[in-house]
Structure formats: C-alpha cells, structure tokens
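# Breakdown of the fold
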Amino acid sequence: MKELVQRLFSGTEYLSHKLEGDELVLELESVQEESSCPYCNLSSDKVHSRYQRKFSDLPIKGYPTTVILHCRKFFCRNQECKHQTFTESFDFIEPLESKTERLIFEILRISENNSSRKASAILADMGIKTSRATICNLKNKKIS
Ligand SMILES: [Zn+2]
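Residues numbered from 1 in each chain as written. Predicted model: local features only at pLDDT ≥ 70, side-chain atom pairs only at ≥ 80, totals over all residues.

## Notes on the domain arrangement of the chain
Here the chain is partitioned into domain 1 (1-92) and domain 2 (99-144). The C-alpha-based centres of domain 1 and domain 2 are spaced at 23 Å. Across the boundary between the two partners, domain 1 contributes 9 residues, which contact 10 residues of domain 2. Of all elements in the fold, only β5 (47-60) and β6 (63-75) reach the threshold of two or more residues within the side of domain 1 that touches domain 2. Looking at the side of domain 1 that touches domain 2 element by element, the count peaks at 5 residues for β5. For the side of domain 1 that touches domain 2, the residue count by class is 6 nonpolar, 2 polar and 1 charged. (Domains from an automatic or database assignment. Contact = placed C-beta atoms within 7 Å. Helix = DSSP H or I, 4+ residues; strand = E, 2+ residues; numbered from the N terminus. Nonpolar A, V, L, I, M, F, W, Y, C, P; charged D, E, K, R; others polar.)

Dropping the structure here:
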C-alpha cells in the first residue's frame with residue numbers, strides 16, 4: 001500500500017487504511033516541505049496550522065475509496081500579497097474539490113456518450129458512487 005500511495009498521491013505518505021462497509025478509507029499525511037501561494041506564487045515552508053481534507057478517488061481493487069489527508073495551511077511570506085495564509089496544493093486534486101482529478105476524468109469519460117442516468121449506473125458498477133446531479137455539475141464546469 002505504501003508504494004501505491006506514493007505513486008497515486010505524490011507529496012504524501014501512507015498512514016493507515018481500513019474497510020468501512022464496502023468502502024476503503026485511506027489515511028495519508030502530506031510530506032511536502034513547502035507549497036506555493038496560489039495568489040502570488042511564492043513558496044513557503046512556514047506552517048500556519050494543520051487540517052484534514054476528505055475526498056473521493058478512483059476505486060482501489062473495486063472498493064470505493066475515500067481519502068483522509070492530513071495537510072497544512074502555510075503563511076505567505078510575501079508581504080505584498082493580499083493573502084496571509086494559503087492551503088497547500090497537490091497535483092492530484094484541485095483546491096476545495098471533493099474528487100481527485102483522475103476520478104473527475106473518469107466520470108466525464110463515462111458520461112460523455114451516456115445520459116446522466118446511464119452514466120451513474122455504469123459508474124456505480126465500477127465502484128464509483130456519484131449522483132446524476134453531480135455528473136451534470138461536472139459536465140457544466142467542464143464547458144464553462
Ligand atoms: Zn502570497
């Protein structure tokens with residue numbers, strides 16, 4: 001599992017995993033030494049606070065997968081920046097998003113040539129629980 005995590009979630013390290021019902025819950029910790037402020041691009045290693053993110057990823061071995069990621073907020077070191085703090089960023093998920101990039105990609109791929117009702121059913125068979133409303137929202141976001 002350690003190796004898999006390092007491949008799938010760069011910048012993080014494996015802490016634990018457990019099965020909750022039919023769901024795999026992976027707990028990870030950020031090990032990035034620094035992160036760039038999304039507003040001014042200056043990188044910082046000055047930790048402000050710690051928090052947890054929870055998001056969904058592609059199923060692992062058929063199990064719907066939820067990730068709990070222990071990550072941090074940093075102080076921006078740029079005195080001219082309007083933002084004093086920012087949350088660290090990862091290349092596998094957008095800020096504030098509840099799904100990884102590859103999960104969104106897969107949902108959009110399946111829903112491209114299917115109605116949202118059909119897509120939702122196909123995705124459910126694959127271990128990806130997503131509502132028709134979510135599919136529509138993702139499609140609209142992609143267009144805009
Ligand atoms: Zn900044």
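So much for the structure itself; the text now carries on.
## Focus on helix α3 (residues 116-125)
One full turn of an α-helix is made of 3.6 residues, so residues set three or four places apart face in the same direction. Among the residues of α3, those classed as buried are Ala 119, Ser 120 and Leu 123. Along the axis of α3, the buried residues cluster in a sector spanning 100°; they form a single face. Relative to its buried face, α3 has exposed residues pointing more than 90 degrees away, namely Arg 117, Ile 122, Ala 124 and Asp 125. If you follow the buried residues of α3, they end up packed against α2 (101-112) and α4 (132-143). One or two positions beyond α3, positive phi appears at Gly 127, with a value near 90°. (Buried ≥ 20, exposed ≤ 12 C-beta atoms within 10 Å, placed from the backbone. Arc of directions from axis to C-beta.)

## A closer look at the packing of α3 against α4
At a minimum axis distance of 9 Å, the contact between α3 and α4 shows a crossing angle of 110°. As judged from the angle between their axes, α3 and α4 are roughly perpendicular. Crossing of α3 against α4: the hand is right-handed. Contact residues: α3 offers Ser 116, Arg 117, Ala 119 and Ser 120, while α4 offers Arg 132, Ile 135 and Cys 136. For the contact of α3 with α4, the class distribution of residues is 3 nonpolar, 2 polar and 2 charged. (Axes fitted to C-alpha atoms, helices over the stretch in contact; angles between N-to-C directions. Parallel < 35°, antiparallel > 145°, perpendicular 65-115°, else oblique. Left-handed = near helix turned anticlockwise from the far one by under 90°.)

## What about unusual backbone geometry?
Positioned with a positive phi, Asn 41 is a non-glycine residue whose angle comes to about 75°. Of the residues examined, Asn 41 has 10 C-beta atoms within 10 Å and is grouped as exposed.

## Re α2
Its 12 residues place the ends of α2 16 Å apart at the C-alpha level, agreeing with the 16 Å of an ideal helix rising 1.5 Å per residue. Among the residues of α2, those classed as buried are Leu 103, Ile 104, Ile 107 and Ser 111. Projected down its long axis, α2 shows its buried positions confined to an angular sector of 100°, all on one face. Of the exposed residues in α2, those oriented more than 90 degrees away from the buried face are Arg 109 and Glu 112. (Expected span 1.5 Å × (residues − 1).)

## Points about the pairing of strand β1 (residues 12-20)
Relative to strand β2 (residues 23-30), β1 is paired through 8 bridges, and the arrangement is antiparallel. When the bridges of β2 are listed, Leu 19 appears paired with Leu 24. Hairpin connection between β1 and β2: a loop of 2 residues separates the two successive antiparallel strands, and Gly 21 in this loop has a positive phi of roughly 65°. (Pairing = 2+ DSSP bridges.)

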